[in-house]
Amino acid sequence: MASLVVRRLLYLLPVLFGVALLTFLIASLLPGDLATVLLGDQATPETLAALRHDLGLDRPILLRFAHWLGEVLQGDLGRSYRTGQTVVAAIAERLPVSIELMLLAQGAALVVAIPLAIACAVREGGRFDRIVTGAAFASLSVPSLLSAIVLIWLLAVQLQWLPATGYVPLGEDVAGNLRSLALPALTLAMGEWPALMRVLRSDMISTLKEDYIAMARAKGLRPARVLLVHALKPSSLTLVTVAGINIARLLGGAVVVETIFALPGIGRLLIGSIFTRDLVLLQGVVLFVGIAFVLVNLAVDMLYAVLDPRIRHGGS
Amino acid sequence: MRTPTSRHRSLNRPSLWLVALLAALGLSAPAAAQKQGGAVTVGLELEIPGFDPLKVGVYDTSGFMVAATLFDTLTRLDANGKAVPRLALSWTHSEDFRTWTFKLRPGVKFHDGSPFNAQAVKWNVDRQKDPANKCRCAFYITNIIAVDAPDELTVVFRLKDPSMMQPEIMAPPTANNVVLSPAAVAARGDDFNRNPSGTGPFVLKSWTGDRIVVERNPNYWNTGHPHLDRIVFKPLTDAQSRFASLQSGEADLVWDDEYDYDNIKKARADKRLVVHNYVGSGAQVYAFNTKVAPFDDLRVRQALVMAIDRKKMSQAVAGGLARPALNPYGDGSWVKCENDGALPYDPAKARELVQAYGKPVAFKGLFTATPRGRTIGQVLQQFWKQVGATMEIEQVDQATIPARAFQRQFQLTPWRIIDLADPDPQMYANFHTGSPSALAGYSNPELDRMLERARVTADMRSRNADYCEIGRHINQQAIWFWTFQNSYYAIAKAKVKGIPPLFSGIIDVSDAWLE
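Residues numbered from 1 in each chain as written. Chains lettered and ligands numbered in written order. Predicted model: local features only at pLDDT ≥ 70, side-chain atom pairs only at ≥ 80, totals over all residues.

**Student:** Help me out: how do you make sense of the overall build of chain A in this one?
**Tutor:** The helix and strand inventory of chain A stands at 15 helices and zero strands. For chain A, the spread of C-alpha atoms along the principal axes amounts to about 85 × 55 × 35 Å. Here chain A holds 316 residues, and 38% of them are scored as buried. Across chain A, every contact between residues at least 6 apart in sequence was considered, and the portion connecting residues at least 24 apart equals 72%. (Helix = DSSP H or I, 4+ residues; strand = E, 2+ residues; numbered from the N terminus. Buried ≥ 20, exposed ≤ 12 C-beta atoms within 10 Å, placed from the backbone. Contact = placed C-beta atoms within 7 Å.)

**Student:** Teacher, can you tell me more about the overall build of chain B here?
**Tutor:** When its secondary structure is counted, chain B shows 16 helices and 18 strands. Over its C-alpha atoms chain B spans a radius of gyration of 23 Å, differing by no more than 12% from the 24 Å that the globule rule assigns to 515 residues. Referenced to the eigenvectors of the C-alpha coordinate spread, the extents of chain B come out at roughly 70 × 55 × 40 Å. Within chain B, buried positions represent 52% of all 515 residues. In chain B, once contacts between residues fewer than 6 apart in sequence are set aside, the share between residues at least 24 apart is 72%. (Rg over C-alpha atoms; globule rule 2.2 N^0.38 Å.)

**Student:** Looking at this structure, I do not really get the nonpolar core. What am I missing?
**Tutor:** As a rule of thumb, soluble globular proteins bury nonpolar side chains together. Residue and element names in this part refer to chain A. By size, the foremost hydrophobic cluster in this structure holds 221 residues, and its most contacted members are Leu196 and Val285. Shared between two domains, this core holds at least three residues of each, these being domain 1 (2-73) and domain 2 (94-315). The contact partners of Leu196, leaving out residues within four places of it in the chain, are Ala109, Leu110, Ala113, Leu239, Val242 and Ala243. (Core = buried A, V, L, I, M, F, W, Y, C linked by C-beta atoms within 7 Å. Domains from an automatic or database assignment.)

**Student:** What's the story with the sheet that holds strand E5 (residues 99-104) of chain B in this structure? I'm lost.
**Tutor:** Sheets are built from strands that pair by backbone hydrogen bonding, the pairs being arranged parallel or antiparallel. Residue and element names in this part refer to chain B. In spatial order, the strands read E4-E5-E7-E6; together these four strands make up an open sheet with antiparallel pairing. Looking along the sheet, the strands with just one partner apiece sit at the ends: strand E4 (88-93) and strand E6 (144-151). Averaged over all pairs of adjacent strands, the angle between strand axes in this sheet comes to 20 degrees, irrespective of strand direction. One ladder, built from five bridges, connects E5 with strand E7 (residues 154-159); its direction is antiparallel. (Pairing = 2+ DSSP bridges. Axes fitted to C-alpha atoms, helices over the stretch in contact; angles between N-to-C directions.)

**Student:** What am I meant to see in the pairing of strand E14 (residues 389-396) of chain B here?
**Tutor:** All names here are of chain B. Judged from the eight bridges that link them, strand E13 (residues 361-368) and E14 form a sheet pairing that is parallel. Its bridge partner being in E14, Leu366 is matched across the sheet by Glu394. With helix H12 (residues 371-386) bridging E13 and the parallel E14, this β-α-β connection has right-handed handedness. (Right-handed = clockwise from strand over helix to strand, strands pointing away.)

On their own, these measurements won't tell you what the molecule is for.
Structural data, given as structure tokens:
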């Protein structure tokens, strides 16, 4: 187990290096640069050239990358060109929002997906299964920018049950915080539960055909016990994988949902840094998202071992 | 230069001294109805990068709103757009309008406790103009040669060109005009940008993520002000959810623009909401590059301008809310012309002109890479197709338009004449031979002479006549054209009172109160 963790962590380094280099190159391909953004309506050729020189933008791209990398290796992610805020402070300020949103959205999606998946698997092809499958496809097909607006219209404007926008920090007011995150979490969950439900349902169906399930039933165990104890655990490997990918993705920010509901999360920080060509901030955020992604996947791999002893024994 | 402006300014200016005196005496006449206390939440258009001019260059509409609460300027505009005292108590000018002397209010302190004085004003301007600081903000104060502080409470602005409306120019809370605490800038360094200190009616309480909270400055020099205890600013970048927040109660006032016309119309029909609208000077404009074909030919330029049906275009892009512009000045300007020489909408004549040109009229037009940019491009494309001209739409990033325009890498480019107190800075820059933003590349000695004369004429009647003549010349030569006037919107709950006219699109909530 320990060697698995060490191996995975070593693997992190080349991944992050590749991600950082790619971002740097892609960002430099965007038309316009930080100098054009900063100068706005005074971007004459002369002022542009002068500012580019000051910002070091006239140096070759790989040299700039090497310089940035050197600073990062010394533990300095730098300061945003535009706001003067340190990159670490900017991420730290927004991370709690993204983490909380991720947890609530994943929680809501799992709460819906798991019982439905089990119920569908038990009567595969039955009427309930077909209705839920239809609902899942419908829910999956609605883009979040539409479901967000519909939810706002219904629950915030018409019924006035929940706020449309306005993030309240957790430390300030717990109830207000949960209310402010309810609609965005619900919007995200609407796009997440169908996939979770589908993978768990199909794994469950094949598990239920295994001999040991027939054996358990034959022994006269209660159906609920067979489903929840004997069948659910070995059926949840794909579920955990999909959930893990979702968690990693949401940690990197849910750009559309954060924008519509005006949540100050990682996604808005990322998109803002792209629009303003704030390369130092952009690189810092991408690096963070990369680390989060690899670490979450590592955690998922370790969960496999917990869920399925065969993996544990095979690995050691 | 992102400044405000005055409407309804009379052509004969009364003595500024008199205005200053009256305003100083009657400044804080309290209206009995203004209730103290309460909190207001404001929905901004964009996230604010900060308040240090050296870092951010200029403030945008969102920055202005917050800056108006944290900082003071030397003057402010009254409801008619005239400058009245704020940090300055009174002012005088030299005969040639090139030297302006301001007497400052004594006893004012910055939020960090350091004193406000003439040195602080001078320090702010010097810092922005210092070439070593390479501040983007310096571009807008090139007319200021130097600021002197002969004593504790006197500042003298020495100008390169005459500026008759200098007190008005210095009123809005732009990055150039707000007075930052020199002591706080020195102490906080890079962190000042997001932890600013001014003399304004509100003090920054917290700035977490994107949410800015300001609280009443208990030591504010203007006794009895502000009225509110607290203002929360948060960016609500999505137009639909911004309006929904207002309806469901998370916001009390939101920024808006005419492209969100559905919601503006809904708000106008809603008794609980009030729509604040202000039509400023200037316009949304386009420049032809007259150095390249086909726009080197007058007939082609005239034909394209005559093919534009602004009413129909307003319907298409803004539900009819956008107000057609036929000259560069607009309804909000003091320049009033009986005849602005605008070419009429006349597609038949336009078609004739295109045919008379003889060659095919095909060109590329630059538009911003936004849904709005695409819509506007497509509407113009249709108008021009109907008269036999073909435009290819090239959508580019907003930030690259100035760069392309200044390098003259365009045939047709969008531009903007913003709402300013005086037409001179922009008219001179946009139309005088050799100026970087004279985008059309058009040169005419007569036009240059008029522009040079208008900026130094003290008599407002002859200035008005000059600017009308300039407008006619440009309209007839069709080197630029104007589509819509600058119109600004805010939507607020009916209980939010005390919002002054939105000069330059600045929504100032610093003196608001709740009914």
